[in-house]
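Spelled out, the chains give:
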Amino acid sequence: MMKTILLFTVLFNASFSLADVYHCKENKVDFYAVGVPSMLKIHGESSELSGDITEAKGTYSGEFIIPMNSFTSKMKLRDSHLKDKVFEVEKFPQAKLSFKGVALKEATSVPFTGTLKFHGVEKAVKGDVTITIADKKIKYTTHCELLLTDFGIAPPEFAGMKINNEVKVEVTGSSL
Amino acid sequence: MKKLLPLLLVLFAPITVFAYPEMAKYGYVNCNSCHVSLNGGGILNDYGRQIAGQELAIWGSKDEKDQESQFAYGLLSGTSVQKWLKMGGDVRSVYYYQNTAAFTSGQAVLMQADLEAAIIHDHFTIVGSGGATQPGFARTVQAISRKHYLQYEFSDTIRLRVGKFIPSYGILTPDHMTLTKSALELGYNYESYNAEASYLSERFSLLATGVFGRPDQTILDQDQGFAIQAAFAPTEQVKFGLNTWYGKKKYSSRWLYGAFAMAGITEKLFASTEIDLKSYSAGDHGIATTQRLSYELLEGLWFYGTQEYGTTRTVQLNSNSQVYGLGLQIFPRSHFEFNLAYEKISNQLAAGALSDTTSNEDVAWFMSHYYF
């Protein structure tokens with residue numbers, strides 16, 4: 001019995017060591033939206049994104065979660081509208097981004113397709129990602145563009161200010 | 001030059017309403033986020049009312065601020081008229097104190113009592129203001145319309161505006177007495193009849209204005225010519241711009257070339273700078289520059305410092321003016337604003353055969369502003 005346990009332990013560790021897991025802690029999500037007619041640029045940000053990136057056989061997978069209540073656009077009134085009326089954080093407290101089998105090249109912008117669950121809607125999103133790895137530490141930058149209507153959100157309008165449907169998202173981070 | 005400013009303040013007491021470049025801290029680098037006018041000042045749009053109510057008031061709950069920020073405390077709220085009619089108005093007065101080596105004086109001045117309306121229908125906007133003014137030291141009151149114009153929006157980015165308004169040049173600040181504004185005959189009190197074509201995108205803006213002066217009051221001999229302003233906003237809190245102005249009066253002409261920048265450095269800190277080079281046919285080739293640093297101590301309470309420098313260079317006259325100022329801008333509750341400021345002014349003058357003379361003066365002023 002002891003031999004069997006030892007064998008399984010060795011096998012398990014051997015297979016596990018085929019994958020590198022990067023626990024990403026220092027992350028930041030920024031979104032950029034535009035309001036018309038004044039071309040108002042709204043920049044929201046959060047540093048509470050958490051997740052892991054796993055590398056196996058040269059391809060990368062990952063899963064990230066962000067509490068939607070953590071976003072701020074540096075203005076109380078706007079934040080309150082954003083969270084209560086747009087994100088509806090009470091009903092949809094988190095957003096999740098996951099991707100699988102993405103072949104990344106170091107220091108090269110590579111297109112990827114992932115899945116974003118946001119505002120209760122799960123949908124494929126396309127973007128690009130750039131990584132650098134040094135001393136078993138990964139750094140990444142991701143860009144993608146979302147349509148609010150894809151996630152069941154009507155482009156918000158407040159007192160004559162209409163927010164465009166397209167929202168740019170940038171995610172940056174690094175592992176410990 | 002600056003020595004004359006308090007006098008000019010009285011002579012040109014009526015001024016139009018404000019724009020607050022400090023709102024760049026919140027990402028509002030384009031004035032028409034809050035104002036009906038593309039280059040700011042004057043009547044607020046619905047969004048501007050909400051922002052003013054929440055961010056420019058120290059006291060009051062969120063609901064109180066929402067209610068109070070409306071025109072005349074909600075006179076038009078909930079009516080169908082409110083969709084197409086925007087109303088506003090301002091009453092302002094200032095008490096200023098001036099202390100020079102030669103004299104000390106103080107005076108209260110009613111600066112403005114105006115009503116303004118905007119009718120917005122489809123792509124058209126019509127704006128008009130009417131009020132009373134007491135020009136200079138005169139005891140008589142006369143009616144005045146500081147602005148009236150028609151604007152057509154071809155798209156979200158392209159607009160055409162014709163009528164009477166302030167041509168776009170530099171940063172339109174509430175402090176119209178700076179060396180880069182009144183001293184250059186720009187900004188408030190220098191409204192003129194114009195035709196303006198504008199392009200405004202996420203990052204770039206271009207405003208070209210044909211300036212036709214004041215054909216209704218030729219005695220004022222205001223500039224006729226053109227102004228061009230190009231600006232770039234690399235982020236939501238930063239804007240840079242370049243300006244040029246050509247103006248022709250009856251017996252003279254001038255070129256102005258300027259650059260400006262404004263930035264919300266942090267959520268609390270704002271900085272702006274403007275520099276203008278002037279070239280007058282009469283021979284004056286000088287500069288004027290104004291800097292401002294403002295810090296938000298509380299929501300609705302701003303502490304600020306200013307620095308100005310200006311020169312006049314002609315064959316007969318060589319003068320330098322320097323101004324350092326500190327102030328406190330207070331928005332206690334929706335509709336109210338108070339501004340307390342102190343300035344130290346130094347004028348160095350060399351004229352003809354006269355040797356250099358330097359004069360120093362202290363100016364303090366307290367401005368009260370109520371907007372409907």
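Residues numbered from 1 in each chain as written. Chains lettered and ligands numbered in written order. Predicted model: local features only at pLDDT ≥ 70, side-chain atom pairs only at ≥ 80, totals over all residues. Heavy atoms only, no water.

A. Highlighting the side chain of A:Ser175. Residue and element names in this part refer to chain A. Structurally, Ser 175 is set in strand S11 (residues 166–175). At 2.9 Å, the side chain of Ser 175 forms a polar contact with the backbone nitrogen of Ile 138. Ignoring anything within four residues of it in the chain, the contact list for Ser 175 reads Tyr 22, His 23, Cys 24, Lys 25, Lys 136, Lys 137 and Ile 138. (Helix = DSSP H or I, 4+ residues; strand = E, 2+ residues; numbered from the N terminus. Polar contact = N/O pair within 3.5 Å; in protein donor to acceptor, adjacent residues only side chain to side chain. Contact = heavy atoms within 4.5 Å.)

B. Main features of the interface of chain A and chain B. The interface is formed by 17 residues belonging to chain A together with 27 residues belonging to chain B. At the junction of chain A and chain B, the tally comes to one salt bridge. When the shortest N-O distance is used, the salt bridge between A:Lys76 and B:Glu299 registers 3.3 Å. The interface formed by chain A and chain B contains ten residue pairs in polar contact (both at pLDDT 80 or more). Taken together, the elements giving at least two residues each to the side of chain A that touches chain B come down to strand S1 (19–36), strand S2 (40–46) and helix H2 (76–87) of chain A. Among the elements that take part in the side of chain A that touches chain B, H2(A) stands out by supplying four residues, more than any other. Among the residues making up the side of chain A that touches chain B, the classes are represented as ten nonpolar, three polar and four charged. (Salt bridge = Lys/Arg side-chain N within 4 Å of Asp/Glu carboxyl O. Nonpolar A, V, L, I, M, F, W, Y, C, P; charged D, E, K, R; others polar.)

C. Structural view of the pairing of strand S8 (residues 137–147) of chain A. Residues and elements named next belong to chain A. Here S8 shows a buried face lined by Ile 138, Tyr 140, Thr 142, Cys 144 and Leu 146 and an unburied face lined by Lys 137, Lys 139, Thr 141, His 143, Glu 145 and Leu 147. Relative to S8, strand S7 (residues 121–134) runs antiparallel, the two being bridged by eight bridges. Note that in S8 the partner of Ile 133 across the bridge is Ile 138. Across nine bridges, the pairing between S8 and S11 is antiparallel. What sits directly across from Tyr 140, in S11, is Gly 173. (Buried < 20%, exposed > 50% of the residue type's maximum accessible area, 1.4 Å probe, protein only. Pairing = 2+ DSSP bridges.)

D. The pattern of salt bridges, seen in detail. Residues and elements named next belong to chain B. The final tally for this structure, using the stated rule, is 23 salt bridges over all chains. Two residues, Glu 22 and Arg 292, come together in a salt bridge whose shortest N-O distance is 2.8 Å. Residue Glu 22 is located in the loop between helix H1 (5–11) and helix H2 (46–55), and its partner Arg 292 is located in strand S13 (residues 287–298); the two are separated by 270 residues in the primary sequence. The burial state of Glu 22 is the same as that of Arg 292; both residues are buried. Note that Glu 296 is salt-bridged to Lys 25, the shortest N-O span being 3.5 Å. One end of the pair, Glu 296, is in strand S13; the other, Lys 25, is in the loop between H1 and H2, with 271 residues separating them in the sequence. Here Glu 296 falls in the buried class, since its relative accessible area comes to 5%.

E. Quick peek at unusual backbone geometry. Each neighbour pair has its own omega, and for A:Val36 with A:Pro37 the value is 15°, a cis peptide bond. Inspection of the secondary structure puts A:Pro37 in the loop between S1 and S2. For A:His119, which is not a glycine, the phi torsion comes out positive at approximately 60°. Among the structural elements, A:His119 can be located in the loop between strand S6 (110–118) and S7. For B:Asn189, which is not glycine, the phi torsion reads 80° and is therefore positive.

F. How the structure looks around the confidence of the model for chain B. Residues and elements named next belong to chain B. Per-chain confidence: chain B averages 88 in pLDDT, with 92% of residues scoring 70 or above. Long-range and interchain partners of residues 1–17, a stretch whose pLDDT sits below 50, account for 69 contacts in this model, where long-range means more than four residues apart. The ipTM value of the predicted complex is 0.79, and its pTM value is 0.85. (pLDDT = per-residue confidence, 0-100.)

G. Region of the structure containing the confidence of the model for chain A. Residues and elements named next belong to chain A. With 90% of its residues at a pLDDT of at least 70, chain A reaches an overall mean of 87. Mean pLDDT per element in chain A: helix H1 (residues 2–16) is the minimum at 49, and strand S10 (residues 161–163) is the maximum at 94. With pLDDT under 50 throughout, residues 10–17 is counted as low confidence; its partners more than four residues away or in other chains account for zero contacts.

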